[in-house]
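Overview (structure and organization)
Take a look at the letters that make up each chain.
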Amino acid sequence: MGFFSPAALDPDANEAKRRAALSSVLWSAFLTLLKIVAGLSTNSLGLLSEALHSALDVLAAGLTFLAVRLAAVPADSRHPYGHGKVENLSALAETGLLLATCVWIVYEAVKRLLFAASPVEPGWWAFAVIIISLLVDISRSAMLRRVARQHRSQALEADALHFTTDMVSSVVVLLGLSCAAAARWSEEGSFLHAALIRADAAAALGVAAIVVLVSWRLAGRAIMNLMDGGSESETLQVRAALAEMAPAYRVLRARVRESGSQYFVDLTVCAPAALRVDDAHTVSTILEDIVASVLPGAETAVHIEPDADGTRADMYATARHLATLRGLPIHSLALITRGDGLHVFVHIELPPDMPLVEAHARVSAYETDLEQRLGAVHVVSHIEPLSQPRPAYPARGTDDGSGAVLEILHELMARHPALSHCHDEEVWTLGNHSALSFRCCTDSGATVAEAHTYASRLEQELRRRVPSLGRVTIHVEPA
């Protein structure tokens with residue numbers, strides 16, 4: 001059985017990405033023009049390589065702008081999963097452009113290093129161009145990275161990485177120009193002079209190395225996403241969340257893939273074979289919500305397979321499933337088979353300020369479910385405030401005997417006027433310890449927190465008097 005939950009496109013997110021991409025195009029064009037003029041006037045290969053890098057950035061930013069617009073187009077019959085992959089294609093195309101930049105840079109740099117180097121004439125305004133470029137790149141990179149993280153856009157993230165690279169390469173070029181300027185005060189023909197005038201070409205090689213490194217990283221991520229890979233960490237997060245919040249449903253398979261900023265998740269889970277269709281739909285909705293809490297906006301398809309195993313594990317899964325459908329957080333669930341049939345003991349957490357009458361009604365409905373679906377002959381639930389810390393009890397001794405335990409219980413009940421009408425008492429041996437369950441009443445105007453406080457005080461006295469007690473389940477209901 002499969003269920004699918006479509007996720008709507010966010011127009012605000014698409015508009016934010018479009019503005020960021022357009023801003024990138026305009027700033028790239030401005031910086032390219034500045035660097036070309038400065039590079040030609042100073043004959044600086046470092047500046048010219050930066051200008052070519054920026055020119056390709058204009059083209060890359062244009063691709064990013066186009067990709068962001070296409071990725072926002074809703075799914076159609078030819079693209080049922082949307083157009084998000086175009087962002088990955090854009091990132092891959094930017095990688096190719098960056099690598100193409102390196103070919104010319106390396107060629108010119110090697111020629112200047114090994115053969116005659118053309119003189120570099122750095123002027124003050126060449127330094128000004130690099131400093132302006134640095135300031136613009138810092139601002140633009142921060143803006144693009146913020147929008148990319150906020151809206152999970154790989155195309156914008158690639159653009160932000162470009163400008164981070166520009167910042168580093170601009171610093172390298174600045175050092176090269178500084179060395180070229182310092183060469184004026186060195187003796188012509190000396191080793192120092194030769195090294196300084198070739199520093200600009202060495203700086204260009206540094207830029208090329210940075211570009212290759214970044215290109216390799218971008219290409220790997222883009223190809224991985226285009227092949228529906230690279231989602232291992234997200235898959236582990238989904239599995240961990242399901243194991244914590246829906247332990248009743250064993251996950252057979254979980255697959256996560258990305259398409260642009262969108263996640264698509266396929267789940268195959270086991271559920272009790274006796275599950276009805278409407279209950280299965282409710283379960284799938286619950287699982288989709290859990291996935292969405294880990295991967296916001298994810299589209300999740302849930303396939304439910306019947307667990308035909310009639311073992312105790314299946315009974316535990318059914319009991320937890322019924323609690324999930326009722327919206328009841330439970331813990332300390334125990335299923336014990338005795339001579340007369342199945343006995344169920346469970347702790348249920350509810351809001352502390354909930355009236356006990358309402359809490360008891362919800363718990364009673366759950367107990368009825370357990371009796372009908374599991375065939376339980378005896379169900380005792382302990383109500384406690386939500387997120388109440390659970391006490392850690394020390395190891396117990398041997399059983400003191402059921403008669404003695406019940407005698408002590410009745411004696412202590414007389415000392416707790418808030419609790420009355422103790423009934424349905426039961427004492428049994430659970431492993432090496434004795435266990436006790438019973439029902440009692442309190443004022444119908446009490447809250448869940450107040451009722452739990454009354455029960456906890458009584459339980460503490462019971463444990464002081466009977467150190468061998470293990471599990472104690474007290475069901476407090478309104479008088």
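Quick note: structure is the one above.
Residues numbered from 1 in each chain as written. Predicted model: local features only at pLDDT ≥ 70, side-chain atom pairs only at ≥ 80, totals over all residues. Heavy atoms only, no water.

1. Points about the side chain of His-343
We apply this condition: Numbering goes from the N terminus for both helices and strands, where a helix is a DSSP run of H or I of at least four residues and a strand is a run of E of at least two. Note on classification: 1.4 Å probe, protein chains only; a residue is buried when its accessible area is under 20% of the maximum for its type, exposed when over 50%, partly exposed between these limits. Polar contact criterion, stated in full: a pair of N or O atoms within 3.5 Å, where within protein one must be able to donate a hydrogen and the other to accept it, and residues adjacent in sequence count only if both atoms are side-chain atoms. Whether two residues touch is decided by their heavy atoms; if any such pair falls within 4.5 Å, the residues are in contact.
Within the element layout of this structure, His-343 appears in strand 6 (residues 341–350). In this structure His-343 comes out as buried when scored by relative accessible area, which is 3%. Of note is the side chain of His-343, whose polar atom sits 2.8 Å from the side chain of Asp-340. What His-343 contacts, discounting residues up to four positions off in sequence, is Ala-334, Leu-335, Ile-336, Arg-338, Val-377, His-378 and Glu-426.

2. Quick notes on the pattern of salt bridges
Pairing is possible between side chains of opposite charge, provided their charged atoms come close. Formally: Note on definitions: salt bridges are taken to be side-chain nitrogens of Lys or Arg within 4 Å of carboxyl oxygens of Asp or Glu.
Enumeration according to the criterion identifies seven salt bridges in this entry. For the salt bridge of Asp-266 with Arg-255, the shortest nitrogen-to-oxygen distance reads 3.7 Å. With Asp-266 in strand 3 (residues 262–272) and Arg-255 in strand 2 (residues 251–259), the pair connects residues that are 11 residues apart, well separated along the chain. Given a relative accessible area of 43%, Arg-255 falls into the partly exposed group. Arg-439 is the partner of Asp-424 in a salt bridge, and the nearest nitrogen-oxygen pair spans 3.0 Å. With Asp-424 in strand 8 (residues 420–430) and Arg-439 in strand 9 (residues 433–442), the pair connects residues that are 15 residues apart, well separated along the chain. A residue is classified by how much of its surface remains accessible, and Asp-424, at 29% relative accessible area, is partly exposed. You can call Arg-439 buried: its relative accessible area is 12%.

3. Focus on the pairing of strand 3
Cut-off, in case you're wondering: Being paired, for any two strands, means DSSP has found at least two bridges between them.
Of all 11 residues in strand 3, 10 are buried, a share of seventy percent or more. Pairing between strand 3 and strand 4 (residues 299–307): nine bridges, direction parallel. Paired with Phe-264 across the strands is Glu-299, a residue of strand 4.

4. A word on the environment of Asp-289
Relative to the assigned elements, Asp-289 resides in helix 9 (residues 277–294). On the accessibility criterion, Asp-289 (51% relative accessible area) is exposed. In the structure, Asp-289 is positioned 11 residues away from Thr-300 in sequence and 9.1 Å away in space, judged by C-alpha atoms.

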